Amino acid sequence: MSISGLSYSPWSPIFWLLASVVVMIMAYFFRRRGQKKYKKDTEQTKIFLCGEEVPEAKQRHIRAHNVYWGFFETMKEYYDANIKAHTGIINDYIIWFLVLIAISAIILFIVGIV
Amino acid sequence: MVVASLAFVEFLVIILARDIYLNGLHIYTLGASSPDLTIPENYIVPVRIILEVDSMSIFMAIISATVSLAAAIYSLSFMKGETGQNRFYTLLLLLVAGMFGMVLTGDLFNLFVFLEIASIAGAALTAFRTKFADTAEGGLKYIVISTVAALMVLFAIGIFYAQYNLINIGALAHVMQYTMLDKIALVLLAIAFMMKLASVPLHMWCPDTYSVAPASITIMLVVASYACLYALFRTCFTLYGVSPDMVTVGWIVITLGMLTMFVGVTMAVFQTDIKRLMAYHCISQTGYMLLGIGVGLAVLNRPEALNTYGIAAMDGGIFHIINNALYKGLLFLTAGALFYRTGTRDLNRMGGLAHKMKWTTIFYIIGALSISGIPPFNGFASKLLIYESVYRFNPILAIVAMITSILTLASFTKAFYSAFMGAELPEYQEVKEVPKSMIAGMAILAAGIIFFSLFPGLVVERLAHPATEALINQGAYISGIMGGGG
């Protein structure tokens, strides 16, 4: 089945959902064969931190600015350049606009001559 | 009253869409004795304001009507505590009128007028909540960039009028000579619309404005920017059509589309303000649309390539517009819901909200999976069309588009973890789910996503592909005007 009658882009969400249901049934089947001693709301379900006291919820939640820290460190130069370009001053936004108009006009002009 | 009128508008748009699908393009000449009398007696050119609605126009009208209805319902509770409700809803309807005018008109000057109407209403609505310090700045930025862009559009219209004594799109396309002045007008129009679209490097106003506007207004601003995308398409395909410059214009659009996609998503991952994060994603997703349409433009002069993959790329780009309006709208509304209950947009201060806001969490998951292109959601269907068709044009472009999609998923995973996951935080012990009207607003868009996810073939066949055909078939649009009445 194709999205737009093309020979490529074969995609049917219905088949995908049917396949997902089959996978979920299989997962449920394997889960039922698992550990029988599990009990809800007992010591078994509490967080274990090498025997240490577990911090309060507020302290153990990793905040947004720490997520992907390594990625941002690696891309530091790229981000510095982008943040520097985004001055927040509207005059600069208009300058970008005028520069892009000029560049596009020059490109069309050159292509027209060639 | 506002919700009822917008629901009625939605109903009328659906009826008109069905009629256009069955019977083709519709013309309505304002002030004429007969609606299809485009050229009055003793005239050789159209002189009145003419509405010309084809499959592309009605496609945009469906998006405008649906998102506006969801926004109005959401606003009932979201804006309840604000003063000046009558002014708010008046401006909201004015913004709707501006968007509809832009996508339904067949006249360039009329397009400029409606662009101004939408811009003024949008800026006023952005700055509406004066109790917040940053809203006035967001509104100011929006009106300044809109006014400068509109000024360039007006310059371009002046160039056409000076040369051809015409301002009707179809009539202008009929006599277009592709002079040097026409090229300058093309650049002015295209870059002005790209400014309103927030295409990189003209994107910087977008996070500044979208992040401070009320959530229901942000989603309408997104759709208003898509009305400018429509204007860009009309300019390139209908006004200029198959001209030698279109290959160059196509490559300019592709280049800006790639930059928009990549810079948008990489800046989004970095954000910790949830609305700025989503605003950058808005920029990024526009890149996909520009890529799909840019490929169509670049091969417009090559029938074989156009039929092999160009039309599919355009189908994908256009399908992505409606998908993005739905899931981006839904995501902005969930961000609004979080702000409504927590009083902050800062992801660093959120956490564990899934325990308290179950509906909002479910809607966020639907929107996030969809925008990230995860099967079986509609975002996957439109991205698949774009990937496969663009790959045939240039594999590197398709690979960058896929990397962008991976970063999109990473970014929304970060926002999901930061806001919703984790143990309940003590400061949000009293937080509860948002009021029913806000849930209803989100539910409308979520229902649209699920429907489009289950039946992507139907949507492409009935909406996106006819819109692509309407764009490519310049002759039909011209004959709608020049061949009518008289």
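Structure first, text after, so check above.
Keep in mind that what you see is a predicted model, and the values were worked out from it rather than measured.

Enquirer: Any details on the overall build of chain B? Residues and values, ideally.
Expert: The helix and strand tally for chain B stands at 18 helices and 2 strands. Principal-axis analysis of the C-alpha atoms places the extent of chain B at approximately 75 × 50 × 40 Å. Split into buried and exposed, the 486 residues of chain B put 67% on the buried side. Long-range pairs, those at least 24 residues apart, make up 81% of the contacts in chain B with a sequence separation of at least 6. As presented, chain B carries roughly 15500 Å² of accessible surface, and 67% of it is formed by carbon and sulfur atoms. Within chain B, the 25 negative side-chain charges are centred at a point lying 10 Å from the centre of the 25 positive side-chain charges.

Enquirer: Give me the lowdown on the overall build of chain A, citing residues and values where you can.
Expert: Counting its secondary structure elements, chain A contains 5 helices and 0 strands. For chain A, the sequential pattern of α-helices and β-strands runs α-α-α-α-α. Scaling as 2.2 N^0.38, a compact globule of 114 residues should have a C-alpha radius of gyration of about 13 Å, whereas chain A reaches 28 Å, well beyond that. Seen through its principal axes, chain A has C-alpha atoms that stretch 80 × 50 × 25 Å. The 114 residues of chain A split such that 21% are buried. Accessible area of chain A: about 9100 Å², with a carbon and sulfur share of 66%. For chain A, the distance from the average site of its 13 positive side-chain charges to the average site of its 9 negative ones is 17 Å.

Enquirer: Residues and numbers for the nonpolar core, please.
Expert: Residue and element names in this part refer to chain B. Ranked by internal contacts, the top residues of the largest apolar core, which has 210 residues, are Met 56, Phe 59, Phe 160 and Leu 291. Considering every element that reaches this core, the biggest residue donor is helix α12 (residues 303-342), with 21 residues. Not counting the four nearest positions on each side in its chain, Phe 59 is found in contact with Ile 318, Ile 321, Ile 322, Leu 463, Ala 464 and Ala 467.

Enquirer: Let's hear about the packing of aromatic side chains: which residues, and what values?
Expert: The final tally for this structure, using the stated rule, is 28 aromatic pairs over all chains. Aromatic pair Tyr 78 of chain A and Phe 262 of chain B: ring centres 6.3 Å apart, planes at 65 degrees, arrangement edge-to-face. Taken together, the residues Tyr 78 of chain A in helix α4 (residues 76-85) and Phe 262 of chain B in helix α10 (residues 246-270) connect one chain to another. The exposure class assigned to Tyr 78 of chain A is partly exposed, which follows from its relative accessible area of 24%.

Enquirer: Go over the layout of surface pockets, please, and point to the residues and values.
Expert: Residues and elements named next belong to chain B. Roughly 620 Å³ of volume is contained in the largest pocket. Taken together, 27 residues make up the lining of the largest pocket; nearest its centre are Ile 14, Ala 17, Ile 62, Phe 452 and Leu 463. For the lining of the largest pocket, the elements supplying multiple residues, two or more each, are α1 (2-23), α2 (55-78), α12, α16 (436-454) and α17 (456-472). Looking at the lining of the largest pocket, its residues break down into 21 nonpolar, 3 polar and 3 charged.

Enquirer: I'd like to hear about α16 of chain B, residue by residue, with values.
Expert: Compared with an ideal rise of 1.5 Å per residue, which puts 19 residues at 27 Å, α16 of chain B spans 26 Å between its outermost C-alpha atoms and is within 8% of the ideal. Within the sequence span of α16 of chain B, burial applies to Ser 437, Met 438, Ile 439, Gly 441, Met 442, Leu 445, Ala 446, Gly 448, Ile 449, Phe 452 and Ser 453 of chain B.

Enquirer: Account for the side chain of Thr 29 of chain B, with residues named and values stated.
Expert: Mapped onto the secondary structure, Thr 29 of chain B falls in strand β1 (residues 26-29). The contact partners of Thr 29 of chain B, leaving out residues within four places of it in the chain, are Ser 34, Pro 35, Asp 36, Leu 37, Thr 38, Arg 48, Ile 49 and Ile 50 of chain B.

Enquirer: Any chance you could break down empty space enclosed by the protein for me, citing the residues and the numbers?
Expert: Counting across every chain of the model gives 7 cavities of 30 Å³ or more. Space inside the largest cavity adds up to approximately 90 Å³. Lining the largest cavity are Ser 104 and Leu 108 of chain A together with Leu 186, Val 187, Ala 190, Ile 191, Met 194, Val 249, Ile 252 and Val 253 of chain B. Among the secondary structure elements, those contributing two or more residues to the lining of the largest cavity are α5 (90-113) of chain A together with α7 (180-197) and α10 of chain B. In terms of residues, the lining of the largest cavity owes the most to one element, α7 of chain B, which gives 5 residues.

Enquirer: Can you break down the interface of chain A and chain B residue by residue, with the values?
Expert: Many authors give the size of an interface as the accessible area that is lost as the parts come together. Contacts between the two partners involve 45 residues from chain A, matched on the other side by 73 residues from chain B. Carbon and sulfur atoms make up 76% of the surface buried where chain A meets chain B, a total of about 4900 Å² over both sides. At the junction of chain A and chain B, the tally comes to 0 salt bridges. Counting every contact that joins chain A to chain B gives 15 residue pairs in polar contact (both at pLDDT 80 or more). Going through the elements one at a time, α1 (13-32), α2 (57-60), α3 (69-74), α4 and α5 of chain A are the ones with two or more residues in the side of chain A that touches chain B. Of all the elements, α5 of chain A adds the most residues to the side of chain A that touches chain B, at 15 residues. Across the side of chain A that touches chain B, the residue classes break down as 33 nonpolar, 9 polar and 3 charged.

Enquirer: Before we move on, could you go through the pattern of salt bridges and cite the residues and values that matter?
Expert: All names here are of chain B. Following the criterion strictly, the structure yields 10 salt bridges over all chains and no others. Of the charged contacts in the structure, one is a salt bridge between Arg 276 and Asp 208, with a shortest N-O distance of 3.2 Å. Of this pair, Arg 276 sits in helix α11 (residues 274-298) while Asp 208 is found in helix α8 (residues 205-210), placing the two residues 68 residues apart along the sequence. The pair formed by Arg 276 and Asp 208 is uniform in burial state, with each residue classed as buried. Among the salt bridges present, the one from Glu 424 reaches Lys 356, with a minimum N-O distance of 3.4 Å.

Enquirer: I'd like a description of the side chain of Glu 82 of chain B, backed by residues and values.
Expert: All names here are of chain B. Positionally, Glu 82 belongs in the loop between α2 and α3 (85-104). On the basis of relative accessibility, which here comes to 15%, the residue Glu 82 falls in the buried class. In this structure the side chain of Glu 82 is engaged in a polar contact, spanning 3.0 Å, whose partner is the side chain of Lys 131. Discounting chain neighbours no more than four positions away, the residues touching Glu 82 are Phe 128, Arg 129 and Lys 131.

Enquirer: Just give me the short version of the packing of α2 of chain B against α17 of chain B, but keep the residues and values in it.
Expert: When two helices pack together, you describe them by how their axes are tilted relative to each other and by the distance separating the axes. Residue and element names in this part refer to chain B. At their nearest, the axes of α2 and α17 sit 7 Å apart, and the two run at 135 degrees to each other. One finds that α2 runs oblique with respect to α17. Residues Ser 55, Met 56, Phe 59 and Ile 62 of α2 pack against Leu 463, Ala 464, Pro 466, Ala 467, Ala 470 and Leu 471 of α17. Grouping the amino acids of the contact of α2 with α17 by side-chain chemistry returns 9 nonpolar, 1 polar and no charged.

Enquirer: So what about the pairing of β1 of chain B? Which residues, and what values?
Expert: Remark: a regular strand shows side chains that alternate across the two faces of the sheet. Residue and element names in this part refer to chain B. Every second residue of β1 is oriented toward a common face, the buried set being Ile 27 and Thr 29 and the non-buried set His 26 and Tyr 28. Where β1 lies against strand β2 (residues 50-53), 4 bridges are found, and the strand directions are antiparallel. Residue pairing in the sheet places His 26 in a bridge with Val 53 of β2.

Reading the values: rules and limits
- Residues numbered from 1 in each chain as written.
- Chains lettered and ligands numbered in written order.
- Predicted model: local features only at pLDDT ≥ 70, side-chain atom pairs only at ≥ 80, totals over all residues.
- Heavy atoms only, no water.
- Helix = DSSP H or I, 4+ residues; strand = E, 2+ residues; numbered from the N terminus.
- Buried < 20%, exposed > 50% of the residue type's maximum accessible area, 1.4 Å probe, protein only.
- Contact = heavy atoms within 4.5 Å.
- Areas by Shrake-Rupley, 256 points an atom, 1.4 Å probe, with all protein chains shown as cover.
- Lys, Arg positive; Asp, Glu negative; His and termini not counted.
- Charge placed at Lys NZ, Arg CZ, Asp CG, Glu CD.
- Rg over C-alpha atoms; globule rule 2.2 N^0.38 Å.
- Core = buried A, V, L, I, M, F, W, Y, C linked by side-chain atoms within 4.5 Å.
- Phe/Tyr/Trp six-rings, centres within 6.5 Å; stacked < 30°, edge-to-face > 60°.
- 1 Å grid on protein atoms, 1.4 Å probe; cavity = no way out; pocket = protein on both sides within 12 Å on 5 of 7 lines; lining within 4 Å.
- Points joined across faces, edges and corners; volume = space filled by probe spheres on them.
- Nonpolar A, V, L, I, M, F, W, Y, C, P; charged D, E, K, R; others polar.
- Expected span 1.5 Å × (residues − 1).
- Buried area = accessible area lost by both parts, 1.4 Å probe.
- Salt bridge = Lys/Arg side-chain N within 4 Å of Asp/Glu carboxyl O.
- Polar contact = N/O pair within 3.5 Å; in protein donor to acceptor, adjacent residues only side chain to side chain.
- Axes fitted to C-alpha atoms, helices over the stretch in contact; angles between N-to-C directions.
- Parallel < 35°, antiparallel > 145°, perpendicular 65-115°, else oblique.
- Pairing = 2+ DSSP bridges.

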